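Secondary and tertiary structure notes
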Amino acid sequence: MGSTRVCGTRDRVSLTGPAARRIAAVTMGLAVVAGIMASGIRSSMSAAAAERGKVVVSDEARRIHSQTYVFDGHNDLPWTMRTEAGSSFDKADIAGPVPKFHTDLPRLRQGGVGAVYWSVYVPADTRQSLLTTIEQIELVRAMVARYPNDFALALNADDVEAARKAGKIASLIGVEGGHCIEDSLENLRRLHRLGARYMTLTHSDTLAWADAATDEAKHGGLTAFGEEVVREMNRLGMLVDLSHVSPETMRDALRVTTAPVIFSHSSARSVADHPRNVPDDILKLTAANGGVVMVNFFSGFIHPESAKRRANMFQVNRELRAKHPGEAAFKAAKLRWEAENPIQAGSVHDVVDHIEHIIRVAGIDHVGIGSDYDGIGKTPEQLEDVSTFPKITQELLNRGYNADQIHKVMSGNALRVLRKAGK
Ligand SMILES: [Zn+2]
């Protein structure tokens, strides 16, 4: 298709300097026209990801990247530490390289990561999910205490800025899945007191008070109690996270909330049709709300063809969990299923397609980064771990975005929402 060649041309070379940026902007314009002409065949763009070539990080991109920092909306290192290293930083000392993880300190530093919401995820079917979530919060606090020269606990935007001034990585706590409040507002308040600063309303499964994106819709969105949860989060200054919830739940939450919301790790549905991704009408509502959609890097969410092949993955997970009790047995069964049902990895180009789509629909003030590292099985080419974020800066530069715009995507928008919605 013609559009693939245009995209290939604009993305293959690392451009530097103002003249080159003008060329990039013009080429981007052509690509937009080609994109409109080729509407409905977006998947062909990604099918040609391999043809789009490797992104090479220039000195200019490195400079722009180092003037800001990455504020990652979602990193699952705590769950990986629990399941792969028995929650022991002796077994997996992230001060040095831990190649089997996506995340360790040398690579966080290399990637220019300055703030992270550490996810205190526990699976939706966990018995004692509140207690397990509290253990995961304790694990994040233990990590911050163990590496005090690198991490600082952050509860609000001022804390993030203070950590940055001290050269440390601001560490925030994000709860993934409202199942862990066990239908109790007091439990929600308890998690907030322990330092949690966002909560994803659901994980993969529909709750008694909210529909998930990847399960049966039982309530048409939020129930009355679900709306109460949102209002209580607003009152506490805890960010409402709409990743994983159904479009109806997104709409209900956006109607009820008085503060900007986040999608801590979600990509764009028009680019890759997966139920975990955000539809265009919700992107527009999020812009009106002042919120931010932080793009997930998982190959099965960002690559159009892979998204189709992974559309039922949460149903498969549920079946495998039921058939193979215990985390180790489930994981082995899941790896077997993934090997039998392979998907394409996609690349940094696909991830930037999602960022650019959200910019076009919602605006430059409403997009961020939500990698989902250490929570995802397959990563795009050139975005293998937390050291690779400068490639996104380079690719945004290649597509004609300037330093101010790139800084908003990397951290500015996430910090703005935390300042407005947090306390
Ligand atoms: Zn998730």
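The number of helices and strands found in the protein is 19 helices and nine strands. A burial count over the protein gives 53% of its 423 residues as buried. In the protein, 76% of the contacts between residues at least 6 apart in sequence involve partners at least 24 apart.

In a packed pair of helices, the relevant descriptors are the angle between the two axes and the axis-to-axis distance. Remark: helix H12 (residues 280-289) packs on helix H17 (residues 348-362), axes separated minimally by 9 Å, with the N-to-C direction vectors making an angle of 65 degrees. In this structure, H12 meets H17 at a crossing whose hand is right-handed. Contact residues: H12 offers Asp280, Leu283, Lys284, Thr286 and Ala287, while H17 offers Ile358, Val361 and Ala362. Of the residues in the contact of H12 with H17, the class split is five nonpolar, one polar and two charged.

The two faces of strand S8 (residues 292-295) match: Val292 and Met294 on one face and Val293 and Val295 on the other face are all buried. The pairing of strand S7 (residues 262-263) with S8 spans two bridges and is parallel. Looking at S8, one finds that Ile262 is bridged to Val292.

Glancing now at the confidence of the model for the protein. Any region with low pLDDT has predicted coordinates that should not be read closely. For the protein, the average pLDDT comes to 90, and 88% of its residues sit at 70 or higher. The low-confidence segment residues 1-47 (pLDDT under 50) makes 70 contacts with residues lying over four places distant or belonging to another chain.

So, about the packing of helix H10 (residues 224-236) against helix H11 (residues 247-256). Axis separation between H10 and H11 bottoms out at 10 Å; the angle between their running directions is 50 degrees. By the criterion of interaxial angle, the relationship of H10 to H11 is oblique. Crossing of H10 over H11 shows right-handed handedness. Packed against H10, whose contacting residues are Glu227, Val230 and Arg231, the element H11 presents Asp252, Ala253 and Val256 at the interface.

A large share of strand S1 (residues 70-75) lies buried, amounting to six of its six residues. Across four bridges, S1 lies against strand S2 (residues 113-119) in parallel orientation. Its bridge partner being in S2, Val70 is matched across the sheet by Val113.

Phi at Glu182 is positive, roughly 50 degrees, even though this residue is not glycine. For Glu182, a count of 15 C-beta atoms within 10 Å corresponds to the partly exposed category. Positive phi outside glycine occurs at Asp374, with the angle close to 65 degrees. Its location among the elements puts Asp374 in the loop between strand S9 (367-369) and helix H18 (389-398).

Once that is clear, we can look at helix H8 (residues 157-165). Every buried residue belonging to H8 is among Ala157, Val160, Ala163 and Arg164, and all of these are buried. Along the axis of H8, the buried positions cluster into a sector of 120 degrees, meaning they face one direction only. Residues of H8 that are exposed and point more than 90 degrees away from the buried face comprise Asp158 and Lys165. For H8, the secondary structure elements touched by its buried residues are S2, strand S3 (151-153), strand S4 (169-176) and helix H19 (403-421). In the stretch just after H8, Gly167 is the one whose phi turns positive, near 75 degrees.

Further remarks concern H18. By the criterion of burial, H18 is predominantly enclosed, with 10 of the 10 residues buried. Restricting attention to buried positions, one finds in H18 the residues Phe389, Pro390, Lys391, Ile392, Thr393, Gln394, Glu395, Leu396, Leu397 and Asn398. A positive backbone phi angle near 95 degrees is found at Gly400, which sits one or two residues after H18.

Another aspect to go through is the environment of Thr200. One can find Thr200 in strand S5 (residues 196-200). Residue classification places Thr200 among the buried positions, given that 27 C-beta atoms sit within 10 Å. Along the backbone, Thr200 and Val240 are 40 residues apart, and their C-alpha atoms lie at a distance of 6.6 Å. For Thr200, the residues in contact, after removing those within four places along its chain, are Val175, Glu176, Gly177, Asp241, Ser243, His244 and Ser264.

Glancing now at the environment of Asn312. Its location among the elements puts Asn312 in the loop between helix H14 (304-309) and helix H15 (313-323). Taking the C-alpha atoms as reference points, Asn312 and Thr214, separated by 98 residues in sequence, lie 7.7 Å from one another.

The rules behind each value
- Residue numbers here run from 1 along each chain, matching the order of that chain's written sequence.
- In view of the model being predicted, local features appear only for residues whose pLDDT reaches at least 70, and side-chain atom pairs are presented and counted only at 80 or more, with totals across whole chains, interfaces and linings using the full set of residues.
- To qualify as a helix, a DSSP run of H or I must reach at least 4 residues; to qualify as a strand, a run of E must reach at least 2; elements of each kind are numbered from the N terminus.
- A residue is called partly exposed when the number of other C-beta atoms within 10 Å of its own lies between 12 and 20, exposed at 12 or fewer, and buried at 20 or more, with C-beta atoms placed from the backbone.
- C-beta atoms are first placed from the backbone for all residues, and any pair lying within 7 Å is then listed as a contact.
- Note on geometry: axes are C-alpha line fits, over the in-contact stretch for helices, and angles between N-to-C directions span 0 to 180 degrees.
- For any pair of crossing helices, the crossing counts as left-handed if the nearer helix is rotated counterclockwise from the farther one by less than a right angle, and right-handed if it is rotated clockwise.
- Think of it as three bins: nonpolar holds Ala, Val, Leu, Ile, Met, Phe, Trp, Tyr, Cys and Pro, charged holds Asp, Glu, Lys and Arg, and polar takes everything else, Gly as well.
- In this analysis, strands are considered paired if DSSP registers two or more bridges between them.
- Per residue, pLDDT captures the predictor's confidence, and it can take any value from 0 to 100.
- Geometric relationships in this document are graded by angle, where less than 35 degrees denotes roughly parallel, more than 145 denotes roughly antiparallel, 65 to 115 denotes roughly perpendicular, and other angles denote oblique.
- As used here, the arc belongs to the directions running from the helix axis to the C-beta atoms.

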